[in-house]
Amino acid sequence: QVQLVESGGGLVQPGGSLRLSCLASGSIFNINAMGWYRQAPGKQRELVATITSGGATNYSDSVKGRFAISRDNAKNTVYLQMNSLKPEDTAVYYCNSVRGRYNVASWGQGTQVTVSS
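Residues numbered from 1 in each chain as written. Predicted model: local features only at pLDDT ≥ 70, side-chain atom pairs only at ≥ 80, totals over all residues. Heavy atoms only, no water.

Draft legend 1. Main features of unusual backbone geometry. A positive phi is found at N76, a non-glycine position, where the angle reads about 50 degrees. By secondary structure assignment, the location of N76 is in the loop between β7 (67-72) and β8 (77-82). Here the phi dihedral of N103 falls at roughly 50 degrees; this positive angle occurs in a residue that is not glycine. Its location among the elements puts N103 in the loop between β9 (91-99) and β10 (104-107). (Helix = DSSP H or I, 4+ residues; strand = E, 2+ residues; numbered from the N terminus.)

See the structure below:
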């Protein structure tokens with residue numbers, strides 16, 4: 001099993017930046033991909049960005065050009081750099097991993113990001 005712990009959320013003004021971190025531990029040796037999802041009040045959880053073990057990235061259209069996902073394998077950490085934040089980016093952000101032959105998913109507890117003046 002994989003344990004995921006997010007950090008870095010908070011309150012930021014529109015146009016500002018935040019960097020989220022996700023530390024993975026446990027059975028991390030066969031992780032196929034990691035990613036960030038978010039869930040705003042009253043809405044379904046949605047994909048933000050993913051990165052595979054080979055380094056390929058994918059972004060939702062709503063964050064392309066503003067957010068960047070990266071990984072530091074030595075630190076077992078995935079990052080989400082969020083720039084030019086908008087009020088509609090306000091949500092709880094969750095870290096996700098999928099591993100093994102059947103892409104078994106694990107989730108972190110979430111970190112709140114609030115974009116407001």
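Next comes the rest of the description.
Draft legend 2. Representation of the state of the cysteines. All chains considered together, the criterion is met by one disulfide. Here C22 connects covalently by a disulfide to C95, the sulfurs 2.0 Å from one another. Judged by the sign of its S-S torsion, about -85 degrees, the cystine formed by C22 and C95 is left-handed. Placement of C22 in strand β3 (residues 18-26) and of C95 in strand β9 is noted, with a sequence separation of 73 residues between them. We note that C22, like C95, is buried. (Disulfide = S-S within 2.5 Å. Buried < 20%, exposed > 50% of the residue type's maximum accessible area, 1.4 Å probe, protein only.)

Draft legend 3. Structural context of the sheet that holds strand β1 (residues 2-7). Spatial ordering of the open sheet is given by β1-β3-β8-β7, a layout of four strands whose pairing is antiparallel. With partners counted over all chains shown, the strands left at the sheet margins are β1 and β7, one partner each. Across the sheet, the axes of successive neighbouring strands diverge by a mean angle of 20 degrees, strand direction being ignored. Bridge analysis of β7 against β8 gives six bridges, and the strand direction is antiparallel. Counterpart to A68 in the pairing with β8 is Q81. (Pairing = 2+ DSSP bridges. Axes fitted to C-alpha atoms, helices over the stretch in contact; angles between N-to-C directions.)

Draft legend 4. Local environment of the pairing of β9. In terms of burial, β9 is largely enclosed, as eight of its nine residues are buried. Where strand β4 (residues 31-39) lies against β9, eight bridges are found, and the strand directions are antiparallel. In the sheet register, G35 faces β9, and the bridge partner there is N96. In the sheet, β9 pairs with strand β11 (residues 111-115) via three bridges, with the strands oriented antiparallel. The residue bridging Y93 from the neighbouring strand is T111, located in β11.

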